[in-house]
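One letter stands for each residue in the lines below.
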Amino acid sequence: MRNVYVVTHPEVQHHVDGVVGRWHDSRLTAVGTADAERIADALAAVPSDVDSVSLHSSDLERTMAVARRIADRLEVPVVPDGDLREKSYGEAEGRPTPWLDERFVVPPAGGDRMGHDEGVAGAKTKHEFATRIDAATARALAGDAEHVVIATHGFALTFVVATWSRLPVSPWAG
């Protein structure tokens, strides 16, 4: 039986500062660091055979900080993967959240919601994002490890679970 553990990073500085994170990176806060330690301790208590663990992480510092703690406990390497990053919001990243709120175009109620760019220059569509996460998750699950740990971000979690559940990206476009 395969066990898949999906971990998201805890509180980071951009949450506290009220700026758009996404690909803009920031470090864990003191609270986030304590939570990352608890996450690592909890995962260390689960697998019984560290030879059967693979650990994959978004390459952004906030998720790598969690993944490194898990890797230390389990004595396994981290496989960084830029495709496990959160959805990019282009020029909004690193700016105050109200800046994005003023420019954000809500996806249409029907039609191609996954292809909508949300009105922000340089932002990726949900379809581009979902396709990237789908590929990264498939790579993480391709091995034969009994325990697969994926460290990612909050919104990305949805698409990791969808891939793990074998839901194809194409039907999400409706």
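Above: the structure in question.
Residues numbered from 1 in each chain as written. Predicted model: local features only at pLDDT ≥ 70, side-chain atom pairs only at ≥ 80, totals over all residues. Heavy atoms only, no water.

**Student:** Give me the lowdown on the packing of aromatic side chains, citing residues and values where you can.
**Tutor:** On inspection of all chains with the given rule, the structure shows four aromatic pairs. Between Phe129 and Phe159, the ring centres sit 5.1 Å apart and the planes meet at 85 degrees, which makes this aromatic pair edge-to-face. Of this pair, Phe129 sits in helix α5 (residues 126-141) while Phe159 sits in helix α6 (residues 154-164), placing them 30 residues apart in sequence. A residue is classified by how much of its surface remains accessible, and Phe129, at 0% relative accessible area, is buried. Its relative accessible area of 7% is what places Phe159 among the buried residues. (Phe/Tyr/Trp six-rings, centres within 6.5 Å; stacked < 30°, edge-to-face > 60°. Helix = DSSP H or I, 4+ residues; strand = E, 2+ residues; numbered from the N terminus. Buried < 20%, exposed > 50% of the residue type's maximum accessible area, 1.4 Å probe, protein only.)

**Student:** So what's going on with the sheet that holds strand β4 (residues 147-152)? Residues and values would help.
**Tutor:** In spatial order, the strands read β1-β4-β2-β3; together these four strands make up an open sheet with parallel pairing. Each edge of the sheet is formed by a strand with only one pairing partner; in this case those strands are β1 (3-8) and β3 (78-80). Across this sheet, the average inter-strand angle for adjacent strands is 20 degrees, counted without regard to direction. In the sheet, strand β2 (residues 53-57) pairs with β3 via three bridges, with the strands oriented parallel. Of the residues in β3, the one forming a bridge with His56 is Val79. Across the sheet, helix α3 (residues 61-74) lies against β1, β2, β3 and β4, angled at about 165 degrees from β2, the strand it touches most. (Pairing = 2+ DSSP bridges. Axes fitted to C-alpha atoms, helices over the stretch in contact; angles between N-to-C directions. Contact = heavy atoms within 4.5 Å.)

**Student:** Mind laying out the pairing of β2, listing which residues take part and the relevant values?
**Tutor:** Of all five residues that make up β2, five are buried, and the element is covered over most of its length. Across five bridges, the pairing between β2 and β4 is parallel. Note that in β4 the partner of His56 across the bridge is Ile150. Remark: the β2/α3/β3 crossover connection has right-handed handedness. (Right-handed = clockwise from strand over helix to strand, strands pointing away.)

**Student:** Just give me the short version of helix α2 (residues 30-44), but keep the residues and values in it.
**Tutor:** Across its 15 residues, α2 extends 21 Å between first and last C-alpha, which sits within 8% of the 21 Å expected from 1.5 Å per residue. When we look at burial in α2, the residues that qualify are Gly32, Ala36, Ala40 and Leu43. Along the long axis of α2, the arc covered by the buried residues comes to 80 degrees, so they all point the same way. Among the exposed residues of α2, those pointing more than 90 degrees away from its buried face are Ala30 and Arg38. Where α2 is buried, its residues contact β1, α3 and β4. (Expected span 1.5 Å × (residues − 1). Arc of directions from axis to C-beta.)

Structural measurements only, silent on function.
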